[in-house]
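Below, each chain spelled out in residue letters.
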Amino acid sequence: MRNLNKRCFLILAFLFCAYLTALAQVSSKSISGIVTDEKGIALSGVTVSVKGTNITVISDKDGKYAITLPEKSKKLVFSYVGMQSEEMIAAKSGSQNISLKSSAGMLSDFVVVGYGTVRKKDLTGAVGSIKSDQITQVATTDVVQAMQGRIAGVQVIANSGEPGSGAQIRIRGIGSINGSDPIYVVDGYQTGDISFLAPGDIESIDVLKDASATAIYGSRGANGVVLVTTKKGKKGPVKFVVDSYVGNQKAWRTIPMVNATEYANLVLQGYANDGNPLDTSSQLYTRLNYVRQNNYHGTNWQDEVMQSGFMQNHSLSIAGGNDQNRFRLSGTYFTQDGIVRNSSMKKYFLNFSNDLTINKWLTAGISGAFTHFDKNYYNSDLYSGVLTTALAADPLTAAWDKITHNWGRADISYTNNPARAVDELKNNKGYGNYIVANAWAEAKIIKGLSFKSQIGTSLNSGHNTSYSPQFFIAVDEARDQSSLWERRSESKSWLWTNYLNYTKTTQKHNIGAMVGTELQQSSYNDFSATGYNVPADKDLMYLSSSQSTDFTVSSNQSQTSMQSFFGRVNYGFDSKYLLTATVRYDGSSKFLGNNRWGVFPSFAGAWVLSNESFMQNFKPLSLFKIRAGWGRVGNEQSANAYGYVTSVSGNNIYVFNDQLQQGFAPTTLSNPELKWEVNQQTNVGADINFMQNRLSFTADYFDRQTKNMIVSVPIPSYVGAGAPRVNAGTMSNKGFEFTGSYSGGNQLKYRVGANISFIKNKITNLGGGAPQDGGGIGKIGNTTRTQVGMPFPYFYGLKTDGIFNTQEELDAHKNKDGLAIQPNAHLGDVKFIDVNGDGKIDDLDKQNLGNPYPDFQYGFNADLSYKGFDLRIFIQGVQGNSIINGMNWNTRNGSNAGGGWNNFETIRRESWTAASPKNNQPRMTASDPNNNMRFSDRYVMDGSYLRLKNVQLGYSLPTHLLNNLKVSGLRIYVAADNLFTLTRYEGFDPEIGSYYGNPYSYGVDVGTYPQSRTFRAGISLNF
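Definitions and cut-offs
Residues numbered from 1 in each chain as written. Predicted model: local features only at pLDDT ≥ 70, side-chain atom pairs only at ≥ 80, totals over all residues. Heavy atoms only, no water. Salt bridge = Lys/Arg side-chain N within 4 Å of Asp/Glu carboxyl O. Buried < 20%, exposed > 50% of the residue type's maximum accessible area, 1.4 Å probe, protein only. Helix = DSSP H or I, 4+ residues; strand = E, 2+ residues; numbered from the N terminus. Contact = heavy atoms within 4.5 Å. Expected span 1.5 Å × (residues − 1). Phe/Tyr/Trp six-rings, centres within 6.5 Å; stacked < 30°, edge-to-face > 60°. Lys NZ or Arg CZ within 6 Å of the ring centre and 35° of its normal. Pairing = 2+ DSSP bridges. Axes fitted to C-alpha atoms, helices over the stretch in contact; angles between N-to-C directions. Arc of directions from axis to C-beta. pLDDT = per-residue confidence, 0-100. Patch = residues over 30% accessible without salt bridge, like charges linked within 9 Å, V, L, I, M, F, W, Y side chains within 5 Å. Areas by Shrake-Rupley, 256 points an atom, 1.4 Å probe, with all protein chains shown as cover. Core = buried A, V, L, I, M, F, W, Y, C linked by side-chain atoms within 4.5 Å. Parallel < 35°, antiparallel > 145°, perpendicular 65-115°, else oblique. Left-handed = near helix turned anticlockwise from the far one by under 90°. Nonpolar A, V, L, I, M, F, W, Y, C, P; charged D, E, K, R; others polar. Polar contact = N/O pair within 3.5 Å; in protein donor to acceptor, adjacent residues only side chain to side chain.

Enquirer: Mind showing me how you'd approach the pattern of salt bridges here?
Expert: Here the structure, examined in full by the defined rule, presents 41 salt bridges. A salt bridge links D586 to R584; the nearest nitrogen and oxygen atoms lie 3.0 Å apart. Grouping residues by exposure puts D586 and R584 together as buried. Several salt bridges share partner residues, and in doing so they unite R409, R420, E424, D476, E477 and R479 into one network.

Written out as structure tokens, the structure reads:
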């Protein structure tokens, strides 16, 4: 009986289990599909879970997943690092594909700050961020240039359109007359140059703008900090990514110049206006008359020196790993011909990283980057440069004289032959190698406490050569002997950082603390030599081939070092109240004694109002946070390596005992009391998000004061040496920044963003020194002035009131004594304003003519996608700045007072004549007794512009078409860079930095190499 009962129990148990299994089979539901990103690229490692249960699966290498939902479970949750989590109702069909959006801009994102990261919602300072897809949107190898227009308060200006010329970045204005470049921190390594990085190797860039964020970098953070995070390998199967594009570049604008016939008419008109027409038997008259009688068009010099240039970029990366080891290796090859002949560049990048998880408490990693470039350097000199002479040379001259079989001689304009100048660029060569290496290890000591040590080093070497061949065109355009200039340079640096991090989180409190120390050293040396009578044979272009015993040699060396101690405390209470305090103690070899060390503190706080109970009923609001901060940061780059000692120079000839002797003489006097230049900044801001963070706004006001600014105070000339540099100046930068974005959509997905900045700059003290003039341009002279109460610099010159169109206007231009204010003026000459009323025009009448700083700068981007198609648009611009068009001296000069008749812009066809007295262009005149071309507001132009920086249309093939190809993603696209520019500036390009890199010449344009318009096609392949 007992056995029977046992058997019955087993049978009943079996039937019950079978029933439950059948019930489960009836009520459960299987769902499968593919997970991709916004571009249709399959995502492996995506977590797919059934909401409210512990049921979880992971997508495979092709993005495929399969999961079973129990009874009454209807929702699936998809989550992946770097993507927005998605929650969806399970499809009835049993098939469910999904595309995850990038989490860029979400509050859960982490941004990099000094020596760590922090969630966006916990930020107390002003930080701007951009992601990898924005960095690679524009065709360039310059990461800095790729940042242009992306972040409020960050102004990026290309030094020129020349390949490899670099860009200038200013964060919240110009912080000092000595240097305003930010510090770059690449994966923890501090450097002043990130040209060793390819844009495709960067994951994100975070810009620390206010002192509360930058003070942790102390003396190197005065001008802002750019934190660069490179791409790393991730856990998962090995992935290959290929990115490639090819394109064509052309100048988006050339300067309209008159042809040979129009040129001849204007020159003859100039002599006639002076009442001294050319003798019809003279050689010049014969040539000019022949040209106009035959309607000769002549040489278009811009066509002779410019070209349509090819560019290409190809990169390959390999990444993958497991729990213990994650790696990434990439290589990039880039070439650009340039839009000026013989100004090409080739660049090669190699990037490697390997992160290790050694055990539960120890992680480590190594990384390295290498770049090599080869380029031909462009000549921008005012008198012998390529584009400057192309605008000045007369169009009557042929580029190549077929009779003499030699370069043509521009003997009417007395200008170097531009075709010869651009041909010589092929001998202006340079190459360089840049290596950066990093190693780090991090140990978890106890729960919440970790120690990290990182050491990095860099080596940057360069080699430049310039060969100037012997030639003869005419007595005044010849080179009697060839020469070869060669320069070798090397800079080295190392940085060792050690710090402890502690974090503790409870239900109400969030505490973080960090303390560390840092050592760094850098050195630089270069050596250059010039040899003469070097053969023109490429195989013999070496200094050792010089056939002369005369050599010119120079060298330069410097070494600096720094020791630092730093700390930071973060505290958050109930996710509502946030506090941050930092301090850094820096000692630099650039200063002596008690001035060597500087203390740089900062404090910041934030109040998250949206987490307060009284805000909970306002449902559309996702975040409302108010921030405020204050800090002091040093500017280490403002001081020279040896500013505390008197510098001397050699090659000075003295007479001792009736014998000539070479010796050294002081050039700049020392100041052993030199100390830190300090940047003090206050920031108040707010972050407001709506509709589950789809709509976001950020606003900031800042007040940035530079104190103890190092300036040169004038001393008497009889001292015999340059003035010492002292801490006597102050400068102010104040402004507002606004950023907004909105994203949404279902089938048509979109994200739009915009930023705008308003910054006002002003010199507030120069230590009692007199105003300083600068911005010199050839025969024009100085064009800028540095003065208390004015922006640094501002344009300073004479003001005009049109031209004398009628005799009545000329007769009325008199002083109080009835004498002519401009006694040498004639009808058609420029009317200068006698500002001070002393009855004459001189330097005392010079006035503020504007400045190079825009009233505001802005950027706008829009990303749209529909099914497999995507469209990206990026617009950037500035408004309210002025530019000095220095080439007006050459191209609008109506006289030969400069030594020859330069070519003319077509606007000179509207010159004043007796037959056309209403024209507003000054008359043509051979002698120009009124000096019409002296510097005045006629050189100053509106520099505002709006530029369609990039537009890109792409298509990503759907996953089901790629499965047979064993490819996880394929996108093809076409793009245009600098497609159009709206501006009233009449030079080559309105994007102007500093002439020859001199901050006193900011906004001065002397035929700057223009930006190019680029059309390209590309492909991105993942497998």
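Enquirer: Mind showing me how you'd approach the side chain of S315 here?
Expert: When you line up the elements, S315 lands in strand β18 (residues 309–321). For S315, a relative accessible area of 19% translates into the label buried. Discounting chain neighbours no more than four positions away, the residues touching S315 are V241, V242, D243, G331 and T332.

Enquirer: Looking at this structure, how should I read helix α5 (residues 260–273)?
Expert: Note that an α-helix has 3.6 residues per turn; residues three or four places apart therefore point the same way. Over its 14 residues, α5 extends 20 Å from the first C-alpha to the last, a length consistent with the 20 Å expected when each residue adds 1.5 Å. Inspection of α5 places A260, T261, Y263, A264, L266, V267, L268, G270 and Y271 among the buried residues, and these make up the whole buried set. Each element contacted by the buried residues of α5 is listed here: α6 (283–293). Count one or two residues on from α5 and you reach G275, which has phi positive near 70°.

Enquirer: Help me out: how do you make sense of the packing of aromatic side chains in this one?
Expert: How two aromatic rings sit relative to each other is given by the distance of their centres and the angle of their planes. Tallied over the entire structure, the rule returns 30 aromatic pairs. Put simply, the rings of Y701, F736, F738, F758, F856 and Y858 pair up and form one aromatic cluster. For R947, the ring lying beneath its charged end belongs to Y945, and the centroid distance is 5.4 Å. In this arrangement the basic side chain of R1016 is found over the ring face of Y245, its NZ or CZ atom lying 4.8 Å from the centre.

Enquirer: Mind showing me how you'd approach the sheet that holds strand β13 (residues 183–186) here?
Expert: With mixed pairing, five strands are arranged side by side in an open sheet as β10-β15-β16-β13-β14. In this open sheet, the two strands that pair with only one neighbour each are β10 (127–131) and β14 (189–191). This sheet shows a mean twist of 20° between the axes of neighbouring strands, independent of strand direction. Where β10 lies against strand β15 (residues 202–208), five bridges are found, and the strand directions are antiparallel. Among the inter-strand pairings, I130 is bridged to a residue of β15, identified as I205.

Enquirer: Would you mind going over α6 with me for this structure?
Expert: Among the residues of α6, those classed as buried are Y285, L288, N289 and V291. Seen end-on, α6 carries its buried residues on one side only, within an arc spanning 160°. Turned more than 90 degrees from where α6 packs its buried face, Q283, Y290 and Q293 sit exposed. Remark: N295 follows α6 within two positions and exhibits a positive phi of approximately 50°.

Enquirer: I keep staring at the confidence of the model for the protein and nothing clicks. Help me out?
Expert: The predicted structure's coordinates, where accompanied by low pLDDT, should not be read in detail. Overall, the prediction assigns the protein a mean pLDDT of 89, with 95% of residues at 70 or greater. Note that residues 4–26 has pLDDT below 50 and, in this model, zero contacts with residues that lie over four places away or in other chains. Confidence over residues 104–108 falls short of pLDDT 50; this stretch has 14 contacts with residues more than four positions distant or in other chains.

Enquirer: In this structure, what is going on with a nonpolar patch on the surface? I would like to understand it.
Expert: Together, L329, L350, F352, I366, F370, I435 and L459 make up a nonpolar patch on the protein surface, roughly 540 Å² of accessible area in all. Contributions of two or more residues to the nonpolar patch are made by β20 (345–357) and β21 (362–376). On the accessibility criterion, I366 (44% relative accessible area) is partly exposed.

Enquirer: Is there a simple way to think about the nonpolar core in this case?
Expert: The nonpolar side chains of a soluble globular protein tend to be buried, and buried together. Counting 36 residues, the largest nonpolar core has V340, V386 and I884 as its most contacted members. Counting residues per element, the ones that place at least two in this core are α7 (301–305), α8 (386–392) and α9 (418–424). Top contributing element to this core by residue count: α8, with four residues. In this structure, V340 is in contact with V305, M306, Q307, Y378, V386, L387, V422, L425 and Y1009, ignoring residues within four places of it in sequence. Counting 26 residues, the second largest nonpolar core, distinct from the first, contains V144, I194, L197 and V207.

Enquirer: Teacher, can you tell me more about the sheet that holds strand β2 (residues 47–50) here?
Expert: Whether parallel or antiparallel, the strands of a sheet pair through hydrogen bonds between backbone atoms. Sheet architecture is open: four strands sit in the order β3-β2-β5-β6, paired in antiparallel fashion. With partners counted over all chains shown, the strands left at the sheet margins are β3 (56–58) and β6 (86–89), one partner each. On average, each strand axis in the sheet is inclined to that of its neighbour by 20°, with strand direction left out of account.

Enquirer: What exactly am I supposed to notice about unusual backbone geometry here?
Expert: Trans is the prevailing form of peptide bonds, just as negative phi is the prevailing case for residues other than glycine. Of the consecutive residues F792 and P793, the connecting peptide bond is found in the cis state with omega at -20°. Position of P793 relative to the elements: it lies in the loop between β41 (784–786) and β42 (794–797). Its identity as a non-glycine residue notwithstanding, N342 has a phi of 60°, on the positive side. Within the secondary structure layout, N342 lies in the loop between β19 (325–336) and β20. Of note in this structure, N693 is not a glycine but carries a positive phi near 70°.

Enquirer: Looking at this structure, how should I read the packing of α5 against α6?
Expert: Two quantities define a packed helix pair, namely the angle between the axes and the distance from one axis to the other. Relative to each other, α5 and α6 sit at 135°, their axes nearing to 8 Å. By the angle between their axes, α5 is oblique relative to α6. By crossing handedness, the relation of α5 to α6 is classed as left-handed. In this structure, α5 contributes A260, T261, Y263, A264, N265, V267, L268 and Y271 to the contact, and α6 contributes L284, Y285, L288, V291 and R292. For the contact of α5 with α6, the residue count by class is ten nonpolar, two polar and one charged.

Enquirer: Sorry if this is basic, but what is going on with the side chain of T214 here?
Expert: Structurally, T214 can be placed in helix α4 (residues 211–214). Taking the relative accessible area as the measure of exposure, T214 reaches 2% and is therefore buried. With residues up to four places along the chain from it excluded, the contact list for T214 reads L208, K209, G221, G224, V225 and V633.

Enquirer: Could you clarify how one ought to interpret the environment of D206 in this entry?
Expert: Structurally, the position occupied by D206 is in strand β15. Residues D206 and T140, 66 residues apart in the sequence, show an inter-C-alpha distance of 19 Å. Discounting residues that sit within four places of it in the chain, D206 has contacts with V111, V112, V127, G128, S129, V225, V226 and L227. A distance of 2.4 Å separates the side chain of D206 from the side chain of S129, its partner in a polar contact.

Enquirer: Even after reading the chapter, I still don't get the pairing of strand β48 (residues 882–885), so can you show me in this structure?
Expert: The side chains of a regular strand alternate, first on one face of the sheet and then on the other. Covered by surrounding structure in β48 are S882 and I884 together with I883 and N885, the residues of both alternating faces. Across three bridges, β48 lies against strand β49 (residues 940–942) in antiparallel orientation. Bridge pairing in β49 links I883 to M941. Relative to strand β53 (residues 1004–1005), β48 is paired through two bridges, and the arrangement is parallel.

Enquirer: Help me out: how do you make sense of the environment of G309 in this one?
Expert: Inspection of the secondary structure assignment puts G309 in strand β18. Sequence separation of G309 and K250 is 59 residues, and the distance between their C-alpha atoms is 6.5 Å. Not counting the four nearest positions on each side in its chain, G309 is found in contact with G247, N248, Q249, D337 and G338.

Enquirer: Sorry, what's going on with the pairing of strand β24 (residues 428–446) here?
Expert: For β21 and β24, the ladder comprises 15 bridges, and the chain directions are antiparallel. Directly across from D374, in β24, lies its bridge partner Y431. Here 18 bridges tie β24 to strand β25 (residues 449–468), and the two strands are oriented antiparallel to one another. Its bridge partner being in β25, N438 is matched across the sheet by G456. From the end of β24 to the start of β25, which pair antiparallel, there are two residues, and G448 there has a positive phi angle of about 90°.

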